[in-house]
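# Observations on the three-dimensional arrangement
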Amino acid sequence: MAAFADTLISWYEGHKRDLPWRGEPDPYKIWVSEIILQQTRVQQGWDYYLRFIDNFPNVKALAEAEEERVLKVWQGLGYYSRARNMHAAAREIMSKHHGTFPQEYDKILELKGIGKYTAAAISSIAFHLPYPAVDGNVIRIVSRIYGVCDDVMQPAVVKRITEICEKEIDPKQPGSFNQAAMDFGAMQCVPRNPNCDDCPFQLSCYAYKNNLVDILPVKKKKSELKHRYFHYTVYLSDDQTIIEKRTGSDIWRNMYQFPLLETDSEKSTGKPVYSTREILSHQLIHAAFYVKNVKKLLKLAENQLIIDFDDIEKYPMPKIMTEFLGYLAGN
């Protein structure tokens, strides 16, 4: 398609979002922003980005931090494996690259937790390398404009879309091309009710011309969620309580929670004081909290410890824990 990049970048120059990382040449800060934006909306991620950079202003600071502190700063964003991967990758940069962020796409891709999209975003914005950053926004844009009518959940289809982007990316300003695509997908060519009436691609858009805007991109149905039932008991004795550290390879590894019993159903022997749910990747967590006042706290397991209840905010916890603590504070 003629002048795709020119049209996209021209739109971007007039509509780009004012973001704290926009125009940032530091690959570390670009990396942090991209990882945060993978799991949250821009307005929500803004404060998390500033807080993360304030705590860990560079690769060295992140690499030298304790994992528990990294998780605490990340708390509330979810997908904690991403924070752990960033921490591990920072240490890789310090040990394998002498503290300097690698400038080659392949070297960036080798870092733990960095996939093709993030590697392309960093290498194009920080180092002006012509690699297209293909995410859901870009897949939607290309599917509609170029008329890709196959299931975009299939790797072969994503590969085809990536090849289109590789052909169309502006080699002189690849960073602007990728950021323009990100903003165009987030602001103009949105999933539902896109602004087609004021779109610079209206005359050439396959989906618009063929009345397929609401159909493209084609996606197969999501896999069924696995239901898990978590029962937490809050033991209280003289303003102290028991918390435990999650171990193993399950969700929320190395984060803290109240003692947990997982069952096959929501049924329990008592009435919870608070219940909530949280959707994770392919999992739906049903959480129930029970409070028990006891004269003496129970004997501890290896992963448990007794703390003053007032100190509980010092420990990194999953979102459902902080929700419950917020509930307690309001009652």
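Given the structure is predicted, the values throughout are model-derived calculations rather than measurements.

Helices and strands together make up the secondary structure of the chain, namely 13 helices and 7 strands. By principal-axis analysis of the C-alpha atoms, the chain measures approximately 75 × 50 × 35 Å. Counting across all 331 residues of the chain, residues that qualify as buried make up 48%. In the chain, the share of contacts with a sequence separation of at least 24, taken over all contacts with a separation of at least 6, comes to 67%. Here the chain holds 42 positive side-chain charges and 42 negative ones, and the gap between their average locations is 5 Å.

Attention shifts here to helix α9 (residues 136-146). Of all 11 residues making up α9, 9 are buried, and the element is well covered by its neighbours. When we look at burial in α9, the residues that qualify are N137, V138, I139, R140, I141, V142, S143, R144 and I145. For α9, the capping residue at the N-terminal end is D135, with a side-chain oxygen 3.1 Å from the backbone nitrogen of N137. Directly after α9, the chain includes G147, whose backbone phi takes a positive value near 70 degrees.

Mapping Q304 onto the fold places it in strand β7 (residues 304-308). Among the polar contacts listed, one links the side chain of Q304 to the side chain of E244, at a separation of 2.9 Å. Discounting chain neighbours no more than four positions away, the residues touching Q304 are I242, I243, E244, P259 and K299.

The next thing to look at is the packing of aromatic side chains. The full count for this structure, using the stated rule, is 22 aromatic pairs. Their ring planes at 80 degrees and their centres at 6.1 Å tell us that F230 and W252 sit as a pair that is edge-to-face. One end of the pair, F230, is in strand β1 (residues 226-237); the other, W252, is in the loop between β2 (240-245) and β3 (256-257), and 22 residues separate them in sequence. Each member of the pair F230 and W252 is classed as buried. Across from the ring centre of Y79, 4.6 Å away, lies the NZ or CZ of R82, which sits over that ring.

Right, let's get into the pairing of strand β5 (residues 274-280). Residues Y274, T276, E278 and L280 point to one face of β5 and are all buried, whereas S275, R277 and I279, pointing to the other face, are not buried. The pairing of β5 with strand β6 (residues 283-293) spans 7 bridges and is classified as antiparallel. Paired with L280 across the two strands is Q283, which belongs to β6. Counting the residues between successive antiparallel strands, the hairpin from β5 to β6 contains 2 residues, one of them, H282, with a positive phi of roughly 65 degrees.

With that settled, the discussion passes to a negative patch on the surface. Among the surface-exposed residues, D238, D239, D308 and D310 lie close enough to one another that they form a single negatively charged patch. Relative to the helices and strands, D308 is located in strand β7. Classification of D308 by relative accessible area gives partly exposed; the value is 38%.

A separate point is the environment of E163. In this structure, E163 sits in helix α10 (residues 155-168). Judged by relative accessible area, which is 38%, E163 ranks as partly exposed.

About the thresholds
- Residues numbered from 1 in each chain as written.
- Predicted model: local features only at pLDDT ≥ 70, side-chain atom pairs only at ≥ 80, totals over all residues.
- Heavy atoms only, no water.
- Helix = DSSP H or I, 4+ residues; strand = E, 2+ residues; numbered from the N terminus.
- Buried < 20%, exposed > 50% of the residue type's maximum accessible area, 1.4 Å probe, protein only.
- Contact = heavy atoms within 4.5 Å.
- Lys, Arg positive; Asp, Glu negative; His and termini not counted.
- Charge placed at Lys NZ, Arg CZ, Asp CG, Glu CD.
- Polar contact = N/O pair within 3.5 Å; in protein donor to acceptor, adjacent residues only side chain to side chain.
- Phe/Tyr/Trp six-rings, centres within 6.5 Å; stacked < 30°, edge-to-face > 60°.
- Lys NZ or Arg CZ within 6 Å of the ring centre and 35° of its normal.
- Pairing = 2+ DSSP bridges.
- Patch = residues over 30% accessible without salt bridge, like charges linked within 9 Å, V, L, I, M, F, W, Y side chains within 5 Å.
- Areas by Shrake-Rupley, 256 points an atom, 1.4 Å probe, with all protein chains shown as cover.
- Salt bridge = Lys/Arg side-chain N within 4 Å of Asp/Glu carboxyl O.

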